[in-house]
Amino acid sequence: MTVQELPGADYRPTPPPAWRPRTDAAPLLPDAEPYRVLGTPAADRLDPELMRRAYAELVRGRRYNAQATALTKQGRLAVYPSTVGQEACEIAAAMVLEERDWLFPSYRDTLAAVARGLDPVQALTLLRGDWHTGYDPHEHRIAPLSTPLATQLPHAVGLAHAARLKGDDVVALAMVGDGGTSEGDFHEALNFAAVWQAPVVFLVQNNGFAISVPLAKQTAAPSLAHKAVGYGMPGRLVDGNDVAAVHEVLAEAVRKARAGGGPTLIEAVTYRMEAHTNADDATRYRGDAEVEAWRGHDPILLLERELTARGILDEDLKRAAKDEAETMAAALRERMNADPVLDPMDLFTHVYAEQTSQLREQAAMLRAELEAEGE
């Protein structure tokens, strides 16, 4: 029994006549199927130069993933969450942003940071265990890689809202996995973004599993993109392995946000081809047949097949992309094989603008211990 049903209370079985929906839900609903470009008539409008660049970035990204994974086996990285199979999302996210925009990555999105121009060694510094982050976020307009799930999303909303209040036409693109959509931060970020009409784009990379938990055990929603409607923003569903489609949908959302049209939630349906990290055994929760089925939908093969058939990509360009990727991998391998020179006193740097009395005391203790060891 509700309060309205208590004896003597005025009971209204429906809301009063003045009630109206705040937003028409229909335009906010995602398509029934993921949007695609490659292999469809929409591919007729492909920009050859843009797609050649995307192809080169995909090839470089695949080689970057392979080299980073190898570094974990050599003990040069503590952990690495691979994005093999998800490169189209990572590359497209970096390509649609202007220099003044901000990228808010999760721990799995080092490739997006590298594609945006970040030094690969700096991108991997966190995963090496040397520093909390290996780069200046303000210099690169890339927020620190977020290991706690979805905590970067409210930060992206706050930055985007602040930029709009200042009159800056800055857009924040926040990346998160399907597992992150089960966190409270995800819902809080979407709610604030929609209420404030903040210029932020949320990209959910639905790769099928939150470590070992399949999506069906996380949500009963028709799709993750449908969650946008509950907050009053449009949801888009896109084939996350179709780099042309992901780029188009993201670019449209970024333009809309920059023009004052508010946020968009985009679900990119993709697949994590490799284990969650090098510490995970994916065979315990998925079969080889499932992985092999997704190999036929590899983002590099999809784009290569389309561009080759249209005469946009030839063997020389393929070879050039591969050679560039190998050069990057060799440089990354050489630099990561060098032992870093670390100063223990850096533990107290960049914690507070002005150190607290406790930190000064702790720093003095450590300094004394180091001096004693040196003597």
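Criteria and thresholds
Residues numbered from 1 in each chain as written. Predicted model: local features only at pLDDT ≥ 70, side-chain atom pairs only at ≥ 80, totals over all residues. Heavy atoms only, no water. 1 Å grid on protein atoms, 1.4 Å probe; cavity = no way out; pocket = protein on both sides within 12 Å on 5 of 7 lines; lining within 4 Å. Points joined across faces, edges and corners; volume = space filled by probe spheres on them. Nonpolar A, V, L, I, M, F, W, Y, C, P; charged D, E, K, R; others polar. Buried < 20%, exposed > 50% of the residue type's maximum accessible area, 1.4 Å probe, protein only. Helix = DSSP H or I, 4+ residues; strand = E, 2+ residues; numbered from the N terminus. Pairing = 2+ DSSP bridges. Right-handed = clockwise from strand over helix to strand, strands pointing away. Salt bridge = Lys/Arg side-chain N within 4 Å of Asp/Glu carboxyl O. Expected span 1.5 Å × (residues − 1). Arc of directions from axis to C-beta.

A. Molecular detail of the layout of surface pockets. Considering only enclosed or pocket space, the largest pocket measures out at about 360 Å³ in volume. Every residue lining the largest pocket is listed: Asp130, Trp131, His132, Thr133, Leu342, Asp343, Pro344, Asp346, Leu347, Thr349, His350 and Val351. Grouping the amino acids of the lining of the largest pocket by side-chain chemistry returns five nonpolar, four polar and three charged. There is about 290 Å³ of room inside the second largest pocket.

B. Structural context of the pairing of strand β2 (residues 172-177). The element β2 is largely enclosed, with a buried count of five among its six residues. Taken together, the three bridges between strand β1 (residues 102-104) and β2 define a ladder with parallel strand orientation. Looking at the pairing, leucine 103 lines up with leucine 173 of β2. Chirality of the crossover, the property in question, places the unit of β2, helix α7 (residues 184-196) and strand β3 (residues 200-206) among those that are right-handed.

C. A look at the pattern of salt bridges. As enumerated under the stated definition, the model contains 19 salt bridges in all. For arginine 36, the salt bridge identified is with aspartate 239, shortest N-O distance 3.7 Å. Placement of the pair is arginine 36 in the segment before α1 (48-73) and aspartate 239 in strand β6 (residues 235-239), with a sequence separation of 203 residues. Of the residues examined, arginine 36 reaches a relative accessible area of 39% and is grouped as partly exposed.

D. Broad picture of helix α12 (residues 357-374). Between its terminal C-alpha atoms α12 stretches 26 Å, which fits the 26 Å expected from 18 residues at 1.5 Å a residue. For α12, every residue scored as buried is listed here: Leu359, Ala363 and Leu366. The buried residues of α12 occupy an angular sector of 70° when the element is viewed end-on, so they sit on one face. Away from its buried face by more than 90 degrees, α12 exposes Glu361 and Ala372.

E. A look at the pairing of β6. The element β6 is extensively covered by neighbouring structure, given that four of its five residues are classed as buried. Where β6 meets strand β7 (residues 264-269), five bridges bridge the pair, whose relative direction is parallel. Bridge pairing in β7 places glycine 235 opposite leucine 265. In the classification by handedness, the crossover that spans β6, the intervening helix α8 (residues 243-258) and the parallel β7 is right-handed.

Structural measurements only, silent on function.
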